[in-house]
Amino acid sequence: MIPFERRRQMLQAFENTEIVTVEDFKKILKGTSESTIRRDLRSLANEGEIVLLHGGAARKMSGSYETSFRSRNILNIKEKNAIAKYAAGLVSDGEVIYLDAGSTVLSMAKYLKNKEITIVTTNASIVQELDGARARCIMTGGELLISTSSLVGPLTDTALQSMYFDKAFIGVSGFSLEAGINTVDPRESKKKQIVQKNSRECYVLADSSKSGKSSLCKAMDLRDVTIICEKETPVLLEAGSYLLAEK
């Protein structure tokens, strides 16, 4: 197994738990030596993706444990791509749309390049994805959260409060019946609330690994948005408003 695939599987292991031991990795990566696993863990820690612990590792968070933007960008690739492609298909020429931060929302950009639309975004990574696009792109100001490539704060909020969107596409940390649409950062939560209020239609892009997950800040109730996911989950079935993007 090549190092990239091995490390992708290691990061994938953190989707359902905060801490993974070396023994867990040996079961996941059958045939891989303990020395190789420890070397990969050190590499991922040096890249800021995880936190090394005695006998294993933990997810890296902003102030708590959460995988970084680079990590999320190589996790659940097929699911995220299917969701992104489906979401882009909802956009029509002439519309003004909002693209939030997040790896799944970022994946939408390549499917929007040939549309004559206006994109407003707080996703600092989107510029290179729109190279050669017909779309007009407006990026708000604000504080850059390097770990998530997201613009947040008072400057961002002020800009968004004066804008109105035909459709908004939101990234999240999780969604659950108890915590609704949620995120780890209160600044992200406030930003999403403003966008939802100022949008004719608001979509949340979230693969099924985020179903049932709760984090620090509730941004919106499930009833306030339509969730786009790659498969049905118990939360979606109870929430009611969702669309399925087949892989």
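Residues numbered from 1 in each chain as written. Predicted model: local features only at pLDDT ≥ 70, side-chain atom pairs only at ≥ 80, totals over all residues. Heavy atoms only, no water.

Enquirer: Could you clarify how one ought to interpret the packing of aromatic side chains in this entry?
Expert: Any two aromatic rings considered together are summarised by their centre-to-centre distance and by the angle between their planes. For the structure shown, the criterion picks out two aromatic pairs. Aromatic pair Tyr98 and Phe165: ring centres 5.6 Å apart, planes at 45°, arrangement tilted. One end of the pair, Tyr98, is in strand E4 (residues 96-99); the other, Phe165, is in strand E9 (residues 165-171), with 67 residues separating them in the sequence. A single burial state applies to Tyr98 and to Phe165, both of which are buried. Considering the side-chain rings of Phe169 and Tyr203, the 5.4 Å spacing of their centres and the 15° angle between planes classify their relative orientation as stacked. Placement of Phe169 in strand E9 and of Tyr203 in strand E12 (residues 199-205) is noted, with a sequence separation of 34 residues between them. (Phe/Tyr/Trp six-rings, centres within 6.5 Å; stacked < 30°, edge-to-face > 60°. Helix = DSSP H or I, 4+ residues; strand = E, 2+ residues; numbered from the N terminus. Buried < 20%, exposed > 50% of the residue type's maximum accessible area, 1.4 Å probe, protein only.)

Enquirer: When you look at the pattern of salt bridges in this model, what are you seeing that I'm missing?
Expert: Side chains carrying opposite charge are able to pair once their charged atoms draw close together. Applying the stated rule across the entire model yields 20 salt bridges. The partner of Lys167 in a salt bridge is Glu95, and the shortest N-O contact between them spans 2.5 Å. Of this pair, Lys167 sits in strand E9 while Glu95 is found in the loop between helix H5 (77-88) and E4, placing the two residues 72 residues apart along the sequence. The two residues Lys167 and Glu95 agree in class, both being buried. Linked by salt bridges that have partners in common, Glu95, Asp166, Lys167, Arg200 and Glu201 make up one network. (Salt bridge = Lys/Arg side-chain N within 4 Å of Asp/Glu carboxyl O.)

Enquirer: Explain unusual backbone geometry to me, please; I cannot follow it from the model alone.
Expert: Trans peptide bonds make up most of the peptide bonds, and negative phi angles are found at most residues other than glycine. Positive phi, normally seen in glycine, also occurs at Ser149, with a value near 55°. Counting through the fold element by element, Ser149 comes out in the loop between strand E7 (143-145) and strand E8 (150-152). According to the relative accessible area criterion, Ser149 is buried, its value standing at 10%.

Enquirer: What is the right way to read the confidence of the model for the chain from this model?
Expert: Atomic detail in the predicted coordinates should be set aside for any region of low pLDDT. This prediction gives the chain a mean pLDDT of 88; 92% of its residues lie at or above 70. Confidence over residues 62-69 falls short of pLDDT 50; this stretch has 28 contacts with residues more than four positions distant or in other chains. (pLDDT = per-residue confidence, 0-100. Contact = heavy atoms within 4.5 Å.)

Enquirer: Explain the side chain of Lys115 here, please?
Expert: Of note, Lys115 is situated in the loop between helix H6 (103-112) and strand E5 (118-121). One buried charged residue, Lys115, remains without a salt bridge, the closest side chain of opposite sign being Asp93 at 5.5 Å. Polar side-chain contacts of Lys115 include one of 3.0 Å to the backbone oxygen of Val91. Ignoring sequence-local partners within four residues, the contact set of Lys115 consists of Ala88, Val91, Asp93, Arg134 and Ala135. (Lys, Arg positive; Asp, Glu negative; His and termini not counted. Polar contact = N/O pair within 3.5 Å; in protein donor to acceptor, adjacent residues only side chain to side chain.)

Enquirer: When you look at the pairing of E5 in this model, what are you seeing that I'm missing?
Expert: Every regular strand shows the same layout, with side chains that alternate between the two sheet faces. The alternating pattern of E5 places Thr118 and Val120 on one face and Ile119 and Thr121 on the opposite face, and all of these are buried. Here four bridges tie E4 to E5, and the two strands are oriented parallel to one another. By the bridge assignment, Ile97 is partnered in E5 with Ile119. For the handedness criterion, the β-α-β arrangement of E4, H6 and E5 is classed as right-handed. Direction of pairing for E5 relative to strand E6 (residues 136-139): parallel, over a ladder of four bridges. Bridging from a neighbouring strand, Val120 pairs with Ile138 of E6. (Pairing = 2+ DSSP bridges. Right-handed = clockwise from strand over helix to strand, strands pointing away.)

Enquirer: Sorry if this is basic, but what is going on with the packing of helix H8 (residues 154-161) against helix H9 (residues 186-197) here?
Expert: The description of two packed helices rests on the angle between their axes and on the distance between the axes. At a minimum axis distance of 9 Å, the contact between H8 and H9 shows a crossing angle of 5°. In this view, H8 runs roughly parallel relative to H9, as classed from their interaxial angle. Within the contact between the two elements, H8 uses Thr156, Asp157, Leu160 and Gln161 and H9 uses Lys190, Lys191, Ile194 and Val195. For the contact of H8 with H9, the residue count by class is three nonpolar, two polar and three charged. (Axes fitted to C-alpha atoms, helices over the stretch in contact; angles between N-to-C directions. Parallel < 35°, antiparallel > 145°, perpendicular 65-115°, else oblique. Nonpolar A, V, L, I, M, F, W, Y, C, P; charged D, E, K, R; others polar.)

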